[in-house]
Amino acid sequence: MSNEPIEATATTPRSENEETPRLADTQLSLLANAWYSTNDLASHLRIDTSTLRRWRTARPPKGPPFVSVSDRVVMYSAIDVEEWLHSRRTVPHRKA
């Protein structure tokens, strides 16, 4: 498999001054979003696939949000992964 996220073909155009998206718009954006398989995401994060599996099966679950498409297929939204990474980011403060 390639390391590139899976690109969906459907998009929802938005004007620059449009209000915050409604729930239905947010749900639609998941379909228009790029997706990673477990292998692809593990490769991007430079971790083993078993780490993602361990995070998913932990109680409560850890790691980025995921979608179980079937018993054997788990996908990760690129938007969710980005948000999860931002939430874990640490920026050291410099002394003046």
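These lines cover the structure that appears in this document, whether it is placed above or below.

Cut-offs used in this document
Residues numbered from 1 in each chain as written. Predicted model: local features only at pLDDT ≥ 70, side-chain atom pairs only at ≥ 80, totals over all residues. Heavy atoms only, no water. Helix = DSSP H or I, 4+ residues; strand = E, 2+ residues; numbered from the N terminus. Buried < 20%, exposed > 50% of the residue type's maximum accessible area, 1.4 Å probe, protein only. Contact = heavy atoms within 4.5 Å. Areas by Shrake-Rupley, 256 points an atom, 1.4 Å probe, with all protein chains shown as cover. 1 Å grid on protein atoms, 1.4 Å probe; cavity = no way out; pocket = protein on both sides within 12 Å on 5 of 7 lines; lining within 4 Å. Points joined across faces, edges and corners; volume = space filled by probe spheres on them. Nonpolar A, V, L, I, M, F, W, Y, C, P; charged D, E, K, R; others polar. Pairing = 2+ DSSP bridges. Axes fitted to C-alpha atoms, helices over the stretch in contact; angles between N-to-C directions. Core = buried A, V, L, I, M, F, W, Y, C linked by side-chain atoms within 4.5 Å. Polar contact = N/O pair within 3.5 Å; in protein donor to acceptor, adjacent residues only side chain to side chain.

So, about the overall build of the protein chain. What the protein chain contains, in helices and strands, is four helices and three strands. N-terminal to C-terminal, the α/β element order of the protein chain is α-β-α-α-β-β-α. Scored against the burial criterion, the 96 residues of the protein chain give a buried share of 25%. The long-range fraction of contacts in the protein chain, counting pairs at least 24 apart against all pairs at least 6 apart in sequence, stands at 52%. Counting every atom, the protein chain has about 7900 Å² of accessible surface; 52% of that belongs to carbon and sulfur.

Looking now at the environment of Asn39. By secondary structure assignment, the location of Asn39 is in helix α2 (residues 38–45). Here the alpha-carbon distance between Asn39 and Met75, two residues 36 residues apart in the chain, equals 9.7 Å.

What follows concerns unusual backbone geometry. Note the cis peptide between Arg59 and Pro60, where omega equals 0°. By the element assignment, Pro60 lies in the loop between α3 (49–57) and β2 (67–68).

This part is about the layout of surface pockets. There is about 210 Å³ of room inside the largest pocket. Forming the boundary of the largest pocket are 13 residues, of which Ser37, Thr38, Arg72, Val73 and Val74 lie nearest the centre. Counting residues per element, the ones that place at least two in the lining of the largest pocket are α2 and β3 (74–77). Classifying every residue of the lining of the largest pocket gives five nonpolar, five polar and three charged.

The strand order across the open sheet formed by three strands is β1-β3-β2, and the pairing between neighbours is antiparallel. A strand with exactly one partner marks an edge of an open sheet, and here the two such strands are β1 (35–37) and β2. The pairing of β2 with β3 spans two bridges and is antiparallel. What sits directly across from Ser68, in β3, is Val74. The sheet contacts of α2 involve β1 and β3, and relative to β1 the element is tilted by about 95°. Helix α4 (residues 78–88) rests against β1 and β3 of the sheet, and its axis sits at about 65° to β3.

Turning next to the nonpolar core. Across soluble globular proteins, you tend to see nonpolar side chains buried next to one another. Counting residues in hydrophobic clusters, the biggest one holds nine residues: Ala34, Tyr36, Leu41, Ala42, Leu52, Val74, Tyr76, Ala78 and Val81. Residue assignment for this core shows that the elements contributing at least two residues are α2, β3 and α4.

Assignment of secondary structure puts Ser70 in the loop between β2 and β3. Here the side chain of Ser70 touches Val73 through a polar contact of 3.2 Å, landing on its backbone nitrogen.

Function cannot be inferred from these measures alone, as they are strictly geometric.
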